[in-house]
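Commentary on secondary and tertiary structure
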Amino acid sequence: AITLYGLTNYYSLRKVSYIVGKDRLNSLSVQLSSMLGQSAQFLIKVAHTSATKEPVVQFLKTGRGEFREGALTELDKQYRDSTWVSMELVDSAGRRVLRSGKSSVNVSINIKDVVSFMHLAPDSAKVGKIYLENRTMYYPIVAAVNDEKRVLGYIISWKRLESSPKAVAQLSQLMGGAGIYIGNVDNSFWTDVIKPVPGLPFKGKLSGQLVQYTDAGTNKMVAKLKMVPYTNWLVAVQFPEKTLLEG
């Protein structure tokens, strides 16, 4: 009877520990998604503000030189640091009509493909998918420029996605040793935030449920997928099951 009691007590404690661990994983995935979403919200707010300025609207609408300088000034405002590699104004067909002199890289991703996937409504902005070009990860911040309800074109800023291994390790440590992945909603690209990866180490859906799987090293793992607000991204957070049980 004592042995049976001990086993029952052990499995009861294990179940409670696992429930607490799941709550912790849920909480961390929500926090990380929110943090990334807040950053994206700031980026698109700046882009959206510039997209409503009269010189930008009129230059796309008329092409007249008198609006060129004002439109260039708004493109220059998108630049923050060296990770902002290209700031440009394109028409509704995706043709570039103006580019900031602060641009340093000619990102050759097809603009029509970028914009069509985002389904931007007039007077809106969003962070687009992550793309890989010449071994470098980039993502666009896109704001629609419109005349009343007609989209005239877009302000598109390309930003390099980069994080140092040290910064990622520190974030992981703060999160209790979590593994972090960021990827596109269509699963076309995934990264561990340092480099591209072939894909997630598990098959997961945005069902709100935790995903349990065994990794390549036969370790039992638990993961959670979340949408990142204002973007076309997903974020995945994973832990070894042992870590969750230890609390």
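We now turn to the structure provided with this report. In this text the structure is predicted, and so the values were computed from the model without any measurement.

About the thresholds
- Residue indices follow the written sequence of each chain, beginning from 1 at its first position.
- Residue-level local features of this predicted model are given only where pLDDT is at least 70; pairs of side-chain atoms are given and counted only at 80 or more, and the full residue set underlies all totals for whole chains, interfaces and linings.
- The basis for the side-chain values is all heavy atoms of the structure; hydrogens and waters are excluded.
- Relative accessibility under 20% of the residue-type maximum defines a buried residue, over 50% an exposed one, and the middle range a partly exposed one, all with a 1.4 Å probe and only protein chains included.
- Every helix listed is a DSSP run of H or I at least four residues long, and every strand listed is a run of E at least two residues long, numbered separately from the N terminus.
- Strand pairing is assigned whenever DSSP detects at least two bridges linking the two strands.
- Nine residue types can take part in a nonpolar core, namely buried Ala, Val, Leu, Ile, Met, Phe, Trp, Tyr and Cys, and a core is a set of them joined through side-chain atoms within 4.5 Å.
- Grid points spaced at 1 Å and placed over the protein atoms alone form the basis of the search, with a cavity being a set where a 1.4 Å probe fits but cannot get out and a pocket an open set showing protein on both sides within 12 Å along at least five of seven lines. Lining residues have an atom within 4 Å of a point.
- Grid points are joined across faces, edges and corners, and a volume is the space filled by probe spheres set on the points.
- In protein, a polar contact requires one atom able to donate a hydrogen and another able to accept it; more generally it is a pair of N or O atoms within 3.5 Å, and residues adjacent in sequence count only if both atoms are side-chain atoms.
- The contact criterion used throughout is that any non-hydrogen atoms of two residues lie within 4.5 Å.
- Note on aromatic contacts: the rings of Phe and Tyr and the six-membered ring of Trp form a pair at centre separations within 6.5 Å, being stacked when their planes are under 30 degrees apart, edge-to-face when over 60 apart, and tilted otherwise.
- Each ring is checked for a lysine NZ or an arginine CZ that lies within 6 Å of its centre and within 35 degrees of its normal; such an atom marks a charge sitting over the ring.
- Between the N-to-C directions of two axes lies an angle of 0 to 180 degrees, each axis being a line fitted to C-alpha atoms and, for a helix, fitted only over the stretch in contact.
- Here the word oblique covers every angle except those under 35 degrees (roughly parallel), over 145 (roughly antiparallel) and from 65 to 115 (roughly perpendicular).
- By definition, turning the near helix anticlockwise from the far helix through less than a right angle yields a left-handed crossing, and turning it clockwise yields a right-handed one.
- Residue classes follow a fixed rule: Ala, Val, Leu, Ile, Met, Phe, Trp, Tyr, Cys and Pro count as nonpolar, while Asp, Glu, Lys and Arg count as charged, and any other residue, Gly among them, counts as polar.
- Note on definitions: salt bridges are taken to be side-chain nitrogens of Lys or Arg within 4 Å of carboxyl oxygens of Asp or Glu.

Side note on the pairing of strand E5 (residues 136-147)
Regular strands have side chains that alternate between both faces of the sheet. Among the 12 residues that make up E5, 10 are buried, leaving the element largely enclosed by the rest of the structure. Of the pairings in the sheet, the one linking strand E3 (residues 125-127) to E5 comprises 3 bridges and is antiparallel in character. The residue bridging Ala125 from the neighbouring strand is Ala143, located in E5. Between strand E4 (residues 131-133) and the antiparallel strand that follows it, E5, lie 2 residues; Asn134 among them carries a positive phi value of about 50°. Count of turn residues in the E5/strand E6 (residues 150-160) antiparallel hairpin: 2 residues, of which Glu148 carries a positive phi of about 60°.

A few points about the nonpolar core
Ranked by size, the top nonpolar core spans 46 residues in total, and within it Leu89, Ile130, Tyr139, Ile141 and Val145 carry the most contacts. Examining the composition of this core, we find that 9 residues originate from one element, helix H1 (residues 2-51), more than from any other. Residues Val90, Met118, Tyr138 and Tyr154 belong to the second largest nonpolar core, which totals 16 residues.

Here we look at the layout of surface pockets
Considering only enclosed or pocket space, the largest pocket measures out at about 470 Å³ in volume. The wall of the largest pocket is formed by 23 residues, among which Leu36, Leu161, Ser163, Ile182 and Trp233 lie closest to the centre. Where the lining of the largest pocket is concerned, the elements lending two or more residues are H1, E6, helix H5 (165-174) and strand E7 (179-184). Among the elements that take part in the lining of the largest pocket, H1 stands out by supplying 6 residues, more than any other.

Topic: the side chain of Thr83
Position of Thr83 relative to the elements: it lies in the loop between helix H3 (68-76) and strand E1 (84-91). For Thr83, a relative accessible area of 10% translates into the label buried. Among the polar contacts listed, one links the side chain of Thr83 to the side chain of Lys159, at a separation of 3.0 Å. For Thr83, the contacting residues outside a window of four places in its chain are Trp158, Lys159, Arg160 and Glu162.

Considering the packing of aromatic side chains
Describing an aromatic ring pair means giving the distance of the ring centres and the angle of the ring planes. Inspection of every chain in the model, using the stated rule, returns 3 aromatic pairs. Note on Tyr131 and Trp158: the rings are 5.8 Å apart at their centroids and 70° apart in plane angle, and the pair reads as edge-to-face. Placement of the pair is Tyr131 in strand E4 and Trp158 in strand E6, with a sequence separation of 27 residues. On the accessibility criterion, Trp158 (0% relative accessible area) is buried. Taking NZ or CZ as reference, Arg80 lies 5.4 Å from the ring centre of Trp84, over its face. The ring of Phe117 carries the charged tip of Lys129 above its face, separated from the ring centre by 4.3 Å.

Some words on the packing of helix H2 (residues 54-62) against H3
The interhelical angle for the contact between H2 and H3, taken along N-to-C directions, is 120°, at an axis separation of 8 Å. Put simply, H2 runs oblique to H3. Of the two elements, H2 crosses H3, and the hand of that crossing is left-handed. Where H2 abuts H3, its residues Pro55, Val56 and Phe59 lie against Arg68, Gly70, Ala71 and Glu74. Of the residues assigned to the contact of H2 with H3, the class counts are 4 nonpolar, 1 polar and 2 charged.

A few points about the pattern of salt bridges
By the definition in use, this model includes 9 salt bridges. Glu88 is the salt-bridge partner of Arg99, the closest N and O atoms lying 3.8 Å from each other. Highlighted residues: Arg99 in strand E2 (residues 96-99) and Glu88 in strand E1, separated in sequence by 11 residues.

As for the sheet that holds strand E10 (residues 211-214)
What holds strands together in a sheet is hydrogen bonding between their backbones, with the strands either parallel or antiparallel. Across the sheet, 6 strands lie side by side as E9-E8-E7-E12-E11-E10; this open sheet has antiparallel pairing. The outermost strands of the open sheet, each flanked by one partner alone, are strand E9 (196-197) and E10. By the bridge criterion, 2 bridges tie strand E8 (residues 190-191) to E9 in an arrangement that is antiparallel. Across the sheet, the residue bridging to Trp190 is Val197, located in E9.

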